[in-house]
Amino acid sequence: MDAAFGHDVDIESMPWYPRVAVNSVTDAIMTPPTGFTAHVLHVRWDSLPMLLPDGDLTSEAWWNTLSATWGKWVAGSPQSVEENRNGWMVEFENHEAQILPLDEDGHGRRLSSLKCSELHSAIGGIQFEGRDVILIFNKIASTPLPLDQQHLALAGETLGRFHAACGRNLATPNDERAWNKRLDVLEPRTRSATKWRAPHSADTQGTITHRNFSLENCHLVDGKVIIKGCMGGIHNALIPETSPSPALRDVAAAVIDLEPELKRAFCFSWTKSAPSHWYSHKALDSHRGGLIIWEYEQHLEQRLFHQAWGEKEPPHVTQFLSAVSSIQNRMYRVRTIAAGALVCTFIPLAVILYWIFYPDSPIPSGNAIAGIGVMGICGWALNKIYRRMAPMPW
């Protein structure tokens, strides 16, 4: 790899560069931090501040010109440099340094501040104007998570413990307007012929989320699941978060390509350690959003990223988004049954209360009592049918 950078660097060949979405790159009118040049990445829908290294990433002299703005810093000489989807990963003897040319709002440092043992989060780095530029990680020996039921259950519990830590630090009220607005942005930006909004329940709260969670970021260290990828990076810069998302967003990111049995194993294990009200009946009710609306959001996001990088869309994304209309129609029919159950339950109750408490109410005839009884039974039966036909939470 050519590790020399500056104005002549061919960033268009880099794996982090969203070549299809980019219109142009211009120089920025701002003073960059030491060791970097400032630019603006113009994509179809936005202009994003970008910082590029101005020296040789394999040079100890270049690293010696830098210093941490928070936490710890690297020591010694760089051993290797690898391009990745977030920028460049530079390996040192005991540390790894992730260089982020683009970032949203310093989420890597935010995750580090949680001091959560479930995360392999940064121990220091450089921030500039609230964005992460370099994140320093301890080097650890780990292996990718096997995607069998046992290990997925471990991963689900790990994610739940992470969310419990997040909930102790931040739990904001339902912000359905912002969450639906995100869908309103993603749908036209991905040119998807779908439209889906959800009312969300009061139990669905915003919190700190991983933002880049996937099963690929789950690794085994001495038999324990550790979550890597703790940063914002370009994916979050392309579609910023305007309001804290629910923990269900991370769950959806994990399960969108799992078979039903493995999906249930992961989700049930997540409920063992996550805050209980975040997986209550109301929070998981698909008619109020539940998990499925966040699966929809994640599929739209996956489509956006694959379009931005000019990559072939995974089959599960195409299949899910093609089935959205069918899912919505089925949910509409089920809600119609629920409405019938409500009417058949409410009317008999109202009539009985009228007979009992209204002084001038007539004495009900046998036929009237029988009719009210039949209607009540119908309400009970329709409610059972609704429960059976309603979409499962996962």
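Refer to the structure presented above.
Definitions and limits used
Residues numbered from 1 in each chain as written. Predicted model: local features only at pLDDT ≥ 70, side-chain atom pairs only at ≥ 80, totals over all residues. Heavy atoms only, no water. Axes fitted to C-alpha atoms, helices over the stretch in contact; angles between N-to-C directions. Helix = DSSP H or I, 4+ residues; strand = E, 2+ residues; numbered from the N terminus. Left-handed = near helix turned anticlockwise from the far one by under 90°. Contact = heavy atoms within 4.5 Å. Nonpolar A, V, L, I, M, F, W, Y, C, P; charged D, E, K, R; others polar. Pairing = 2+ DSSP bridges. Parallel < 35°, antiparallel > 145°, perpendicular 65-115°, else oblique. Core = buried A, V, L, I, M, F, W, Y, C linked by side-chain atoms within 4.5 Å. Buried < 20%, exposed > 50% of the residue type's maximum accessible area, 1.4 Å probe, protein only.

(A) Up close: the packing of helix α4 (residues 176-189) against helix α9 (residues 292-309). Following both chains from N to C, one finds α4 and α9 inclined at 35°, their axes separated by 10 Å at the closest point. Taken as a pair, α4 and α9 cross one another with a handedness that is left-handed. Each of W179, R182, L183, L186, E187 and R189 in α4 lies in contact with α9, whose residues at this interface are I293, W294, Y296, E297, L300, E301, L304 and Q307. Here the residues of the contact of α4 with α9 are counted per class, giving eight nonpolar, one polar and five charged.

(B) Structural detail: the sheet that holds strand β5 (residues 80-84). Across the sheet, six strands lie side by side as β4-β8-β9-β7-β6-β5; this open sheet has antiparallel pairing. One side of each edge strand has no neighbouring strand; the edge strands of this open sheet are β4 (70-71) and β5. Here five bridges tie β5 to strand β6 (residues 87-91), and the two strands are oriented antiparallel to one another. Looking across to β6, one finds that E82 is bridged to M89.

(C) Quick peek at the packing of helix α6 (residues 248-255) against helix α7 (residues 260-271). Axis separation between α6 and α7 bottoms out at 10 Å; the angle between their running directions is 155°. Put simply, α6 runs roughly antiparallel to α7. Between α6 and α7 lies a crossing whose hand is right-handed. Contacts between α6 and α7 involve L248, V251, A254 and V255 from the former and K263, F266, C267 and W270 from the latter. Class assignment of the residues belonging to the contact of α6 with α7 gives a composition of seven nonpolar, no polar and one charged.

(D) Spatial organisation of the nonpolar core. Among the nonpolar cores identified, the biggest contains 94 residues, and W16, W63, I134, F162, F266 and Y296 are the most heavily contacted of them. The contact partners of W16, leaving out residues within four places of it in the chain, are I11, M50, L52, N84, R85, N86, G87, W88, P101, L102, I234 and W309. Counting six residues, the second-largest nonpolar core is a separate cluster that includes W70, A122, L135 and M231.

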